[in-house]
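Each chain is listed here by its residues.
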Amino acid sequence: MPNSANRYISNLTRDTYALILAGGRGSRLKELTDWRAKPAVYFGGKFRIIDFPLSNCINSGVRKVGIATQYKSHSLIRHVNRAWGHFKKELGDSVEILPASQRYSDDWYCGTADAVYQNMDIIRHDLPKYVMILSGDHVYRMDYGELIAKHVETGADMTVCCLEVPVEEAAGAFGVMAVNNEKRVQRFEEKPANPAPLPNDPTKCLASMGNYVFNTEFLFEQLKKDAQNSCSGRDFGHDIIPSIIEEHNVYAYPFRDTRQGGTPYWRDVGTLDSFWEANMELVSPTPSLDLYDRNWPIWTYQEQLPPAKFIFDDETRRGMAVDSTVSGGCIISGSTIRKSLLFSNVHVHSYCTVEETVVLPGVVINRNCVIKKAIIDRSCVIPEGLSIGVDHKQDEANGFRISSGGVVLVTRDMIAALAKKSKQAADAETNKSSSQAAIA
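Computed from a predicted model, the values in this text were never measured in an experiment.

About the cut-offs
- Residues numbered from 1 in each chain as written.
- Predicted model: local features only at pLDDT ≥ 70, side-chain atom pairs only at ≥ 80, totals over all residues.
- Heavy atoms only, no water.
- Pairing = 2+ DSSP bridges.
- Helix = DSSP H or I, 4+ residues; strand = E, 2+ residues; numbered from the N terminus.
- Core = buried A, V, L, I, M, F, W, Y, C linked by side-chain atoms within 4.5 Å.
- Buried < 20%, exposed > 50% of the residue type's maximum accessible area, 1.4 Å probe, protein only.
- Contact = heavy atoms within 4.5 Å.
- 1 Å grid on protein atoms, 1.4 Å probe; cavity = no way out; pocket = protein on both sides within 12 Å on 5 of 7 lines; lining within 4 Å.
- Points joined across faces, edges and corners; volume = space filled by probe spheres on them.
- Nonpolar A, V, L, I, M, F, W, Y, C, P; charged D, E, K, R; others polar.
- Salt bridge = Lys/Arg side-chain N within 4 Å of Asp/Glu carboxyl O.
- Axes fitted to C-alpha atoms, helices over the stretch in contact; angles between N-to-C directions.
- Parallel < 35°, antiparallel > 145°, perpendicular 65-115°, else oblique.

Some thoughts on the sheet that holds strand β14 (residues 309-311)
Then, in step 1: What the five strands build is an open sheet, ordered β14-β19-β22-β24-β26; its pairing is parallel. Looking at strand neighbours, the two that pair on one side only are β14 and β26 (381-382), the edges of this open sheet.
Then, in step 2: Across three bridges, the pairing between β14 and strand β19 (residues 331-333) is parallel. The residue of β19 that forms the bridge with Phe 310 is Ile 332.

In structure tokens form, the structure reads like this:
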């Protein structure tokens, strides 16, 4: 006989529509998001950031999902179509792309609330009792069924998913909920200098994750009111939540790791340093995020590739990887990889050393290169003999970006600019030699 609690939650998840907000520009990732939206950024050796909230939905039993896209969305849409386009609408499951299409105005999406408002007709078509609004920018694993069940049990009109974080960490960084002992929200502050602590723990506060659950009709009512307010910024954190907490039931849901206990894994990989650090965590012997957990798989699109290959076993030319993650299609030819994460189809030629580096798909690293503490963007071809991350003054001279934490970002455009600069210098030297020869 099925467990009644599981049956209860499965009924609730079937009555829920999830809308993932995936139009983020991700400007703090600098050139890494020049040609892709933040949710389309690669992560973890074979995934994209969008795969995490999508996998959470599917694993939780939420099978009606919309993805609101906007900024440089081509690679994101292509990935979602390849990885998630097999769901059948006629069977009650669907993952749909919802680009800004000016249904209610002549504007594109003008904020998180407006992105939902412009898709109300699509959501209504599925007749859900509950709508879950999710950020597409974060890496984490979460059973949304427990969140939705708590929303229903408390009689909430809206539930805000939160993390318990130290007060000093939240100051100026997160939207913070002030709650009573029943977790009912009393006040919401966007990135306050002095966050309101928890009633039972003055050292911690509740920081919003940007994930919300609404009763459907209540959500639509509030979105319509917000759309008529000319002073609104069309944002859930700045506008919707502050406008409803006094007269309606708004509850906070603290996100906890119910399976392993302790603080749950959640990363906002919104800067070059945090992106690098989160990927580096995965190559440790016991990472906080277990990508090998068969009970909660992270789904994605993956090309059919041969296994990774390591060749040559000479004293000065040995293909090897230590404390690293190497994806399919990679060839490590007589080089050493340490504490690094290589995505698919990376080719490292002989006599190279790669340490503490995230290498995105399709990169070619030619002979005699030394790369340390770097992010190498997709399809870069690193010239023979180049050093990256060894001398930051030289990195700057080469046109590479160096983060505040000392991570070096290298992109195809940077490599192309460096090649052009090197050619100009070589041509100038040739012309100089020719002139001197003519004078002589």
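Some points on the nonpolar core
Then, in step 1: The biggest cluster of nonpolar side chains holds 41 residues, and the ones touching the most others in it are Met 132 and Met 142.
Then, in step 2: Aside from chain neighbours lying at most four places away, what touches Met 132 is Thr 16, Tyr 17, Ala 18, Leu 19, Val 62, Tyr 144, Leu 147, Ile 148, Tyr 212 and Val 213.
Then, in step 3: Counting 38 residues, the second largest nonpolar core, distinct from the first, contains Tyr 109, Val 116, Tyr 117 and Cys 162.

Things to note about the layout of surface pockets
Then, in step 1: In this model, the largest pocket occupies a volume close to 1,200 Å³.
Then, in step 2: What lines the largest pocket is a set of 36 residues, among which Thr 112, Ser 135, Asp 137, His 138 and Asp 235 lie closest to the centre.
Then, in step 3: If you list the elements that add at least two residues to the lining of the largest pocket, you get α4 (112-117), β10 (185-190), β11 (204-215), α9 (236-244) and β13 (266-268).
Then, in step 4: Here the lining of the largest pocket takes four residues from β11, the largest share from any one element.
Then, in step 5: Residue classes in the lining of the largest pocket are distributed as 12 nonpolar, 16 polar and eight charged.
Then, in step 6: A volume near 960 Å³ is recorded for the second largest pocket.
Then, in step 7: What lines the second largest pocket is a set of 36 residues, among which Gly 45, Lys 46, Phe 47, Thr 300 and Gln 302 lie closest to the centre.
Then, in step 8: Of all the secondary-structure elements, those providing two or more residues to the lining of the second largest pocket are β3 (47-48), α3 (74-84) and β18 (325-326).
Then, in step 9: Among the elements that take part in the lining of the second largest pocket, α3 stands out by supplying four residues, more than any other.
Then, in step 10: The class makeup of the residues in the lining of the second largest pocket is 16 nonpolar, 12 polar and eight charged.

Considerations on the pattern of salt bridges
Note on pairing: side chains with opposite charge can pair once their charged atoms come close.
Then, in step 1: For the structure shown, the criterion picks out 15 salt bridges.
Then, in step 2: The partner of Asp 15 in a salt bridge is Lys 129, with the nearest N and O atoms 3.9 Å apart. Within this pair, whereas Asp 15 is found in the loop between α1 (4-14) and β1 (16-21), its partner Lys 129 is found in the loop between α5 (120-125) and β6 (130-135), the two being separated by 114 residues in sequence.
Then, in step 3: Ionic pairing is found between Asp 377 and Arg 36, a salt bridge with its closest N-O pair at 3.3 Å. Taken together, the positions of Asp 377 in the loop between β25 (370-376) and β26 and Arg 36 in the loop between β1 and β2 (42-43) put the pair 341 residues apart, joining distant regions of the chain. An identical accessibility class is assigned to Asp 377 and Arg 36; each is buried.
Then, in step 4: The network of salt bridges with shared partners includes Arg 28, Lys 38 and Asp 268.

Notes on the packing of α1 against helix α6 (residues 144-153)
Then, in step 1: As a packed pair, α1 and α6 sit with axes 9 Å apart at the nearest point and diverge in direction by 90°. In this view, α1 runs roughly perpendicular relative to α6, as classed from their interaxial angle. Packed against α1, whose contacting residues are Tyr 8, Ile 9, Leu 12 and Thr 13, the element α6 presents Gly 145, Ile 148, Ala 149, Val 152 and Glu 153 at the interface.

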